[in-house]
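# Report on the structure
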Amino acid sequence: MSESVLGGPATVVETACPLDCPDACSLAVTVHRGKIVSIDGSHRNPVTDGYICAKVRKFGDRVYGPDRLLYPGIRRGRKGEGKFKRVSWDEALELIVARFERAKAEAGSTSILPYSYGGSNGLLTQDNIDAQIWRRFGTSRLARTVCAAPTGTANMALYGKMPSVTYRDYPEAKLIILWGVNPSASGIHLVPYVREAQKRGATLVVIDPRTTALARAADVHLPVKPGTDVAVALSIHRHLFASGGADEEFLRAHTTGADRLRERAEPWTFERTASLAGIEASALQRVAELYAASSPALVRCGWGLERNRNGGNAAMAVLALPAVGGKFGVRGGGYSMSNSTSWNVERPWIAADEPRTREVNMNHLGRALIDYADPPIKVLFVYNCNPAATVPDQRRVVHGLEREDLFTVVFDQVMTDTALYADLVLPATTFLEGYDFAKGYGPISLDLGRPVIDAAGEARSNADVFGDLATRLGLLKENEPTGELDLMVHMLDRLPAHIGAELRAGGQPVPPFGTAPIQFVDVFPNTPDRKVSLFPDTLEAAAPIGLYRFQPDPATERYPLALISPASERTISSTLGELSRPDAKLSMHPDDAKTRGLEDGDLVRIFNELGEVHCPLRVAAGIRPGTVSLPKGLWRRSTRNSMTATALAPDTLTDLGGGACFNDARVQVASLPTA
Ligand code: SF4
């Protein structure tokens, strides 16, 4: 007799993935005797089409794994040791209330720093009651800039975050440029649409320092040096303006600032740009000519191009291309960027103006913990993220977390690198143990996630815990929602009626402009004058040397190699990093290995003045010479000396948006035994 007969039949529960990935898959989770047996894609979301990434297929290993947090715990050992004594939720939350009140009395409310990012993009899990607490208590404000800040700033300034081309319309394009994005690792459901476009005869261009799977399949691959994308895009603008490829009629009718953009593009000849970017001038010229001549032409602006000192201007120049080239107004033409704001889901209970308290850029966590004095950070509340692994200048971040006079709360699903330094850990539910809204930012989709299993141990949802904490702090007003279920119903009631009804019925709602809008037909810029703002004066003033300008490479003779840390097939940012095998590898081009006398499999030391990382070397031609690569989101256990790529990344900020400059890490690599 089978186990399923003894234990009752297995059931399949439908839910949705709210993790920080563009695709927001619909999931079919098989459950037996209250335990997850398998996680797969369902067909409810047509983009998911019945399959999902290997990462979430293995999510059960996180749910039931040895690192799972099951109970609240108070630190019992040294910071970093990860020894905790179990306490009740009541004790834990009362301790937080006491620490908040004490910090406020001693140094003011801004001595408390809430710290969160995209551990979940679910609408119940972030920017909800948590945001209410921080605003009403008057804590320091966190600028959430570790990712998507430069591209978001550019998209907002140019287009007011107009909805963009969704996966479904890629096969309509005659030319696709994938710029700084590798959908084979993140957002995998885009890949078949690109392949379908190729089958129908589309030309594919990939711009990436690595020879990714799609770069191998591309008609043209431009393996640009990290940080030079702005110059590459400007050289295409120059060609459009000079060759008659600019759509003057569109520019007159729908844009402002074209002349100033033309001026800034003027110096970027193909030869000058190609020499700077380390590519062939003829290949660059071919891309520019293809772009000028093709319609529908589609540019997918990724997040890889923003992770350097020129990231904001790179995003501006790339996103401005379809406006200058006149590529809008046809299905499959225009640009693709985050569609996260397409639903315009309002959360009125957090809409109140945020008090203008001290703002802390999250990329400056290390210096905030160590250097900020007015007031110093006394309480750090970390949730939905793992800054000890993910934030630039890792050594300084860890040093800050070691401060004995800092009270750190970490609310997470597993014992992260950051949780090891907590004074108080709180166990959080995973998305399989509660409700949430999953919003696609590649496809335009909105889905309702449902609990598939009971919460592990005493884990509680963000909505429940922040609701409880807000109540204990006396911050909730009458009739405000306080817990997960309450909040979900509250939100469903406030969505446009047809959307709420569709979600309640387990369906896939459709926004008024559909799920595959044509830019400048179905959707238009959300800028104040409804035009594309090609040269916003506010950004010209905000950027260190102005708009569409190039800041030189930070390489030195001592540290000549550019270290990049792109998304991998193993983690979603750092989520699931606890499951990765140890021994992450540094990828290096054979020429660079030869110069240094290194061979595949050697144990190496990657170093600069900020720190060093020890790991094995992978020598392969899949990366351009002069650039080396370590995966994004590694946990400290993944390397030989417990430091990761963030230990080598400066905490300098991008030209626009205050983003992280991970790819400005310049390093040297040497054999470990002889270094
Ligand atoms: S991480 Fe992305 S691809 Fe994987 S299941 Fe979630 S939405 Fe789908």
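These remarks concern the structure in this document. (Residues numbered from 1 in each chain as written. Predicted model: local features only at pLDDT ≥ 70, side-chain atom pairs only at ≥ 80, totals over all residues. Heavy atoms only, no water.)

To continue, consider unusual backbone geometry. Look at the link from Ser-295 to Pro-296: it is a cis peptide, with omega at -5°. You can see Pro-296 is positioned in the loop between helix H13 (281–293) and strand S12 (297–301). A cis geometry characterises the amide bond from Asp-374 onward to Pro-375, with omega recorded as 0°. Within the fold, Pro-375 resides in the loop between helix H15 (365–371) and strand S15 (379–383). In this structure, Lys-161 is a non-glycine residue whose phi angle is positive, near 55°. (Helix = DSSP H or I, 4+ residues; strand = E, 2+ residues; numbered from the N terminus.)

So, on to the sheet that holds S12. Read across the sheet, five strands follow the order S10-S9-S8-S12-S13 without closing on themselves; strand pairing throughout is parallel. This sheet does not close on itself; its edge strands, each paired only once, are strand S10 (220–222) and strand S13 (334–336). For this sheet, the mean inter-axis angle between neighbouring strands, taken without regard to orientation, is 15°. Direction of pairing for S12 relative to S13: parallel, over a ladder of three bridges. Within S13, the residue paired with Arg-300 across the bridge is Ser-336. Strands strand S8 (175–179), strand S9 (203–207), S10 and S12 of the sheet are contacted by H13, whose axis makes an angle of about 120° with S10. (Pairing = 2+ DSSP bridges. Axes fitted to C-alpha atoms, helices over the stretch in contact; angles between N-to-C directions. Contact = heavy atoms within 4.5 Å.)

Attention now moves to the nonpolar core. Among the nonpolar cores identified, the biggest contains 98 residues, and Tyr-115, Trp-179, Leu-534 and Tyr-548 are the most heavily contacted of them. Here this core gets ten residues from one element, more than from any other, and that element is helix H14 (residues 311–325). Residues contacting Trp-179, with those up to four places away along its chain left out, are Ile-207, Asp-229, Val-232, Ala-233, Ile-236, Val-299, Arg-300, Cys-301, Gly-302, Leu-305, Val-318 and Leu-321. (Core = buried A, V, L, I, M, F, W, Y, C linked by side-chain atoms within 4.5 Å. Buried < 20%, exposed > 50% of the residue type's maximum accessible area, 1.4 Å probe, protein only.)

As a further point, take the sheet that holds strand S17 (residues 424–427). What the six strands build is an open sheet, ordered S5-S4-S17-S16-S15-S6; its pairing is mixed. Two strands in the sheet have a free side with no partner beyond their single neighbour: strand S5 (84–86) and strand S6 (112–116). Here the average twist between neighbouring strands, direction ignored, is 20°. In this sheet, strand S16 (residues 407–412) lies alongside S15 in parallel orientation, the contact comprising five bridges. Paired with Tyr-383 across the bridge in S16 is Phe-411. This element, helix H18 (residues 462–472), spans S15 and S16 of the sheet and lies at about 155° to S15.

Looking at the second largest pocket, its volume works out to about 790 Å³. In terms of lining residues, the second largest pocket is bounded by 31 residues, among which Ser-568, Glu-569, Ser-587, Arg-618 and Pro-631 are the most central. Taken together, the residues that form the lining of the second largest pocket break down as eleven nonpolar, eleven polar and nine charged. (1 Å grid on protein atoms, 1.4 Å probe; cavity = no way out; pocket = protein on both sides within 12 Å on 5 of 7 lines; lining within 4 Å. Points joined across faces, edges and corners; volume = space filled by probe spheres on them. Nonpolar A, V, L, I, M, F, W, Y, C, P; charged D, E, K, R; others polar.)

Turning next to the site of the ligand. The ligand sits among Cys-17, Cys-21, Asp-23, Ala-24, Cys-25, Ile-52, Cys-53, Val-56, His-189 and Ile-572. Partitioned by chemical class, the residues of the shell around the ligand number eight nonpolar, one polar and one charged. (Near = heavy atom within 4 Å.)

Among the eleven residues in helix H6 (residues 149–159), nine count as buried, and that is most of the element. Those residues of H6 that fall on the buried side of the exposure criterion are Ala-149, Pro-150, Thr-151, Gly-152, Ala-154, Asn-155, Ala-157, Leu-158 and Tyr-159. Looking at the buried positions of H6, the neighbouring elements they touch are S12, H14, S13, strand S20 (532–533) and helix H21 (537–542). Once H6 ends, the next one or two residues include Gly-160, with phi positive near 60°.

Attention shifts here to a positive patch on the surface. Among the surface-exposed residues, Lys-58, Arg-570, Arg-581, Lys-585 and Arg-618 lie close enough to one another that they form a single positively charged patch. Among the secondary structure elements, Arg-618 is positioned in strand S24 (residues 611–619). Judged by relative accessible area, which is 39%, Arg-618 ranks as partly exposed. (Patch = residues over 30% accessible without salt bridge, like charges linked within 9 Å, V, L, I, M, F, W, Y side chains within 5 Å. Areas by Shrake-Rupley, 256 points an atom, 1.4 Å probe, with all protein chains shown as cover. Salt bridge = Lys/Arg side-chain N within 4 Å of Asp/Glu carboxyl O. Lys, Arg positive; Asp, Glu negative; His and termini not counted. Charge placed at Lys NZ, Arg CZ, Asp CG, Glu CD.)

To continue, consider the side chain of Arg-141. Checked against the element boundaries, Arg-141 lands in strand S7 (residues 141–143). Of the residues examined, Arg-141 reaches a relative accessible area of 12% and is grouped as buried. Here Arg-141 is in contact with Glu-354, Pro-355, Arg-356, Thr-357, Arg-358, Glu-359 and Val-360, once residues within four sequence places are set aside.

What follows is about the pairing of S9. For S9, the tally of buried residues reaches five of five residues, placing the bulk of the element in the interior. Covered by surrounding structure in S9 are Thr-203, Val-205 and Ile-207 together with Leu-204 and Val-206, the residues of both alternating faces. Judged from the five bridges that link them, S8 and S9 form a sheet pairing that is parallel. Its bridge partner being in S9, Ile-177 is matched across the sheet by Val-205. Since S8 and S9 lie parallel, the crossover through helix H7 (residues 190–199) that links them has a hand, and here it is right-handed. Where S9 and S10 come together, three bridges link them in parallel fashion. In the sheet register, Val-206 faces S10, and the bridge partner there is His-221. (Right-handed = clockwise from strand over helix to strand, strands pointing away.)

On their own, these measurements won't tell you what the molecule is for.
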